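# Summary of structural features
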Amino acid sequence: MARVVVNLPQQARRGEIMEIRTLAGHDMETGFRRTQLGQLIARDIITRFACTYNGVEVFRAELHPAMAANPLITFTTVATESGTLEFRWTGDNGFSATHSAQISVV
Amino acid sequence: MGRETRAMQDDDTTNPAVLWLLDGESLWNRKAGEAAKSCADCHGGAGKSMKGVAARYPGFDVSQKKVINLEQRIGLCRTEQQKAPALAYESRDLLALSAYVGRQSRGLPIDIQVNEKTKPFLEAGRAAFNRRQGQLNLACAQCHDGNWGKSLAGNPIPQAHPTGYPLYRLEWQGLGSLQRRLRNCFIGVRAEPYSYGSPEYVELELYLMWRARGMKLETPAVRP
Amino acid sequence: MTSRRQFLVLACGALATGAEAQLPPNIAALRQAALQEAVRKVVGDVPVQRGKVKLELPPLIENGNSVPLSVAVDSPMTAADHVKAIHVFAEKNPQPNVISAQLGPRAGRARIATRARIADTGTVVAIAQMSDGSFWSDSVSVVVTLSACLEDGLI
């Protein structure tokens with residue numbers, strides 16, 4: 001599985017807005033580049049990123065070739081209850097990467 | 001480099017090089033080769049054993065009887081201690097390990113040893129830095145000593161201190177070594193670049209690191 | 001690794017056939033049209049108002065491969081009044097869409113940050129889709145520069 005990095009607090013107060021920073025290792029080949037011989041290099045990008053909080057989707061994004069390589073996505077979500085945040089990246093050629101993090105809400 | 005690029009470098013939560021650092025950490029702890037040893041088996045925790053190491057490379061290697069760079073030192077450990085096949089230059093694994101080792105010296109001043117063993121290589125590197133080459137007939141010194149700070153094609157010319165290698169270059173959209181950057185310079189002046197691992201590059205690396213002595217290591221840096 | 005001779009033969013061939021390798025002369029107009037179309041796909045016939053949205057990215061970009069940008073929208077993010085989605089477009093890219101993020105009241109704050117590829121000097125647009133069906137936008141003009149010493153070196 002590709003390397004991913006997720007930064008979020010381990011603990012938060014109920015109602016606090018948490019900032020979550022995610023990084024995914026991926027070349028994000030645009031599909032617009034050509035080889036030195038003029039052949040088009042096929043598109044190969046992450047197309048979707050989603051975050052669920054105890055099973056409920058709280059954030060989703062559609063990515064296009066204009067996203068930089070090794071995409072960084074920073075978003076926020078309210079700390080509602082303790083539990084698990086699941087992160088999933090999917091893309092071309094069956095690409096899939098996941099990450100799981102525990103959050104303790106006091 | 002601009003403010004935003006520096007912000008990217010200084011923040012471990014957004015520096016894309018972190019992806020390689022994590023790979024490097026895994027490789028450090030993974031057993032490899034016929035000897036079935038990991039780096040950690042000999043060196044223990046990198047945070048302690050590798051502190052200050054990258055700041056001293058390139059350095060003179062007694063067994064090789066010449067100056068070698070950090071990637072070559074890692075290569076020697078792989079082939080001679082781990083009895084594993086060598087990692088190719090610019091391969092993801094070698095870069096990850098080099099970045100991981102380099103990271104342990106972040107913040108430390110670059111400290112290159114100048115003695116009768118390293119002097120000939122240093123002088124060769126200095127000569128290369130000052131020698132005109134390529135179709136454009138330019139020497140490194142002309143831009144990086146004589147015209148640093150001025151603009152070239154919209155970007156400022158840096159003094160060319162390799163304080164953060166291997167680094168994430170936005171142009172490459174990935175991590176790369178100092179040799180890869182030097183090759184870009186050679187191509188920039190329309191000179192035929194040497195192959196990876198050439199002694200000419202190592203001598204130039206030695207000179208550049210010596211020239212940057214005292215400056216703090218920033219590995220893994222981010223550059224445009 | 002391609003030999004120089006191979007490359008030159010192909011380059012001449014490409015020039016001779018023209019079409020694929022070269023950009024059409026009305027490229028600016030085509031890209032403008034593509035941007036309008038991409039925006040229309042998101043907003044339909046609803047007029048897009050300026051305001052509430054703050055798009056931030058550096059006005060002078062050192063390298064278009066990785067440009068940090070953030071979009072923040074002024075919204076209470078309650079169930080009754082929140083940002084449903086944020087869409088970012090780059091005018092001069094071969095394809096205008098950058099990212100489309102779906103938010104909602106659970107976001108707490110309508111702010112996303114990412115890094116985009118901006119191909120050329122031009123305009124970047126961010127559009128926020130609100131829960132009441134309205135659309136708000138912000139746009140920034142940027143200048144994109146390129147490093148002097150590149151790898152492929154064939155400019």
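Residues numbered from 1 in each chain as written. Chains lettered and ligands numbered in written order. Predicted model: local features only at pLDDT ≥ 70, side-chain atom pairs only at ≥ 80, totals over all residues.

Before going further, it helps to spend a moment on the overall build of chain C. The number of helices and strands found in chain C is two helices and nine strands. What you see in chain C, going N to C, is helices and strands ordered as α-α-β-β-β-β-β-β-β-β-β. For chain C, the share of sequence-separated contacts (at least 6 apart) that also reach a separation of at least 24 residues comes to 64%. (Helix = DSSP H or I, 4+ residues; strand = E, 2+ residues; numbered from the N terminus. Contact = placed C-beta atoms within 7 Å.)

One frequent convention defines the size of an interface as the accessible area lost when the parts assemble. Residue and element names in this part refer to chain B. Taken domain by domain, chain B comprises domain 1 (3–103) and domain 2 (119–223). Taken over C-alpha atoms, the centre of domain 1 sits 21 Å from the centre of domain 2. On the side of domain 2, 21 residues touch domain 1, which itself brings 24 residues to the contact. For the side of domain 1 that touches domain 2, the elements supplying multiple residues, two or more each, are α1 (3–10), α2 (18–29), β2 (66–68), α5 (70–81) and α6 (92–103). (Domains from an automatic or database assignment.)

For the rest of this paragraph, the subject is the sheet that holds strand β7 (residues 222–223) of chain B. Residues and elements named next belong to chain B. Pairing within the open sheet is mixed, and its three strands lie in the order β6-β5-β7. Two strands lie at the open edges of the sheet, namely β6 (174–176) and β7, each paired on one side alone. Relative to β6, strand β5 (residues 167–169) runs antiparallel, the two being bridged by three bridges. Paired with tyrosine 168 across the two strands is leucine 175, which belongs to β6. (Pairing = 2+ DSSP bridges.)

All right, on to α5(B) then. One turn of an α-helix holds 3.6 residues; hence residues three or four places apart share an orientation. All names here are of chain B. An ideal rise of 1.5 Å per residue puts 16 Å on 12 residues; α5 measures up with 16 Å between its terminal C-alpha atoms. Of all the residues in α5, the buried ones are Leu70, Glu71, Gln72, Ile74 and Arg78. Tucked into the core, α5 has its buried residues touching β2 and α6. Just downstream of α5 lies lysine 83, where phi reads positive at about 55°. (Expected span 1.5 Å × (residues − 1). Buried ≥ 20, exposed ≤ 12 C-beta atoms within 10 Å, placed from the backbone.)

For the bond running from B:Tyr57 to B:Pro58, omega is 0°, close enough to zero to count as cis. Even without being glycine, B:Arg190 reaches a positive phi, approximately 60°. By the secondary structure assignment, B:Arg190 is in the loop between α9 (178–188) and α10 (199–211). For B:Arg190, a count of 13 C-beta atoms within 10 Å translates into the label partly exposed. Backbone geometry places C:Lys52, a non-glycine residue, at a positive phi of 65°. For C:Lys52, the position within the fold is in the loop between β1 (48–50) and β2 (53–56).

Take the environment of C:Asn26 next. Residue and element names in this part refer to chain C. Secondary-structure assignment places asparagine 26 in the loop between α1 (4–17) and α2 (27–43). C-beta crowding within 10 Å serves as the criterion here: with 10 such atoms nearby, asparagine 26 is assigned to the exposed category. Each C-alpha atom of the pair asparagine 26 and arginine 109 lies 41 Å from the other, and the pair is 83 residues apart in sequence.

Looking now at the packing of α2(B) against α6(B). Residue and element names in this part refer to chain B. The contact between α2 and α6 brings their axes to 7 Å, and the two run at 95°. Between α2 and α6, the crossing angle belongs to the class labelled roughly perpendicular. Where α2 approaches α6, its residues Trp20, Leu21, Asp23, Gly24, Glu25, Leu27 and Trp28 are matched on the opposing element by Asp93, Leu95, Ala96, Leu97, Ala99, Tyr100 and Arg103. Of the residues assigned to the contact of α2 with α6, the class counts are nine nonpolar, one polar and four charged. (Axes fitted to C-alpha atoms, helices over the stretch in contact; angles between N-to-C directions. Parallel < 35°, antiparallel > 145°, perpendicular 65-115°, else oblique. Nonpolar A, V, L, I, M, F, W, Y, C, P; charged D, E, K, R; others polar.)

As a further point, take the nonpolar core. Counting 107 residues, the largest nonpolar core has B:Ala17, C:Val71, C:Ile86, C:Val88 and C:Ala116 as its most contacted members. Residue assignment places this core across two domains, with domain 1 (3–103) and domain 2 (119–223) of chain B each supplying three or more. Each residue touching B:Ala17, except ones within four places of it in the same chain, is listed here: B:Ala99, B:Leu167, B:Tyr168, B:Leu175, B:Pro220 and B:Val222. (Core = buried A, V, L, I, M, F, W, Y, C linked by C-beta atoms within 7 Å.)

Moving on to the sheet that holds strand β4 (residues 67–73) of chain C. Spatial ordering of the open sheet is given by β1(A)-β3(A)-β6(A)-β7(C)-β4(C)-β2(C), a layout of six strands whose pairing is antiparallel. Strands at the two margins of the open sheet, each flanked by one partner only, are β1 (4–7) of chain A together with β2 of chain C. Averaged over all pairs of adjacent strands, the angle between their axes in this sheet comes to 15°, without regard to strand direction.

On to the interface of chain B and chain C. On the chain C side, the residues contacting the 17 residues of chain B number 14 residues. Those elements that provide at least two residues to the side of chain B that touches chain C are α1 and α9 of chain B. Residue classes in the side of chain B that touches chain C are distributed as eight nonpolar, seven polar and two charged.

This part takes up the environment of C:Ile99. Position of C:Ile99 among the secondary structure elements: in strand β6 (residues 97–102). Placed 45 residues apart in sequence, C:Ile99 and C:Lys54 show a C-alpha to C-alpha distance of 16 Å. The contacts of C:Ile99, once residues within four sequence positions are left out, are A:Ala61, A:Glu62, A:Leu63, A:His64, A:Met67, C:Val88 and C:Thr114.

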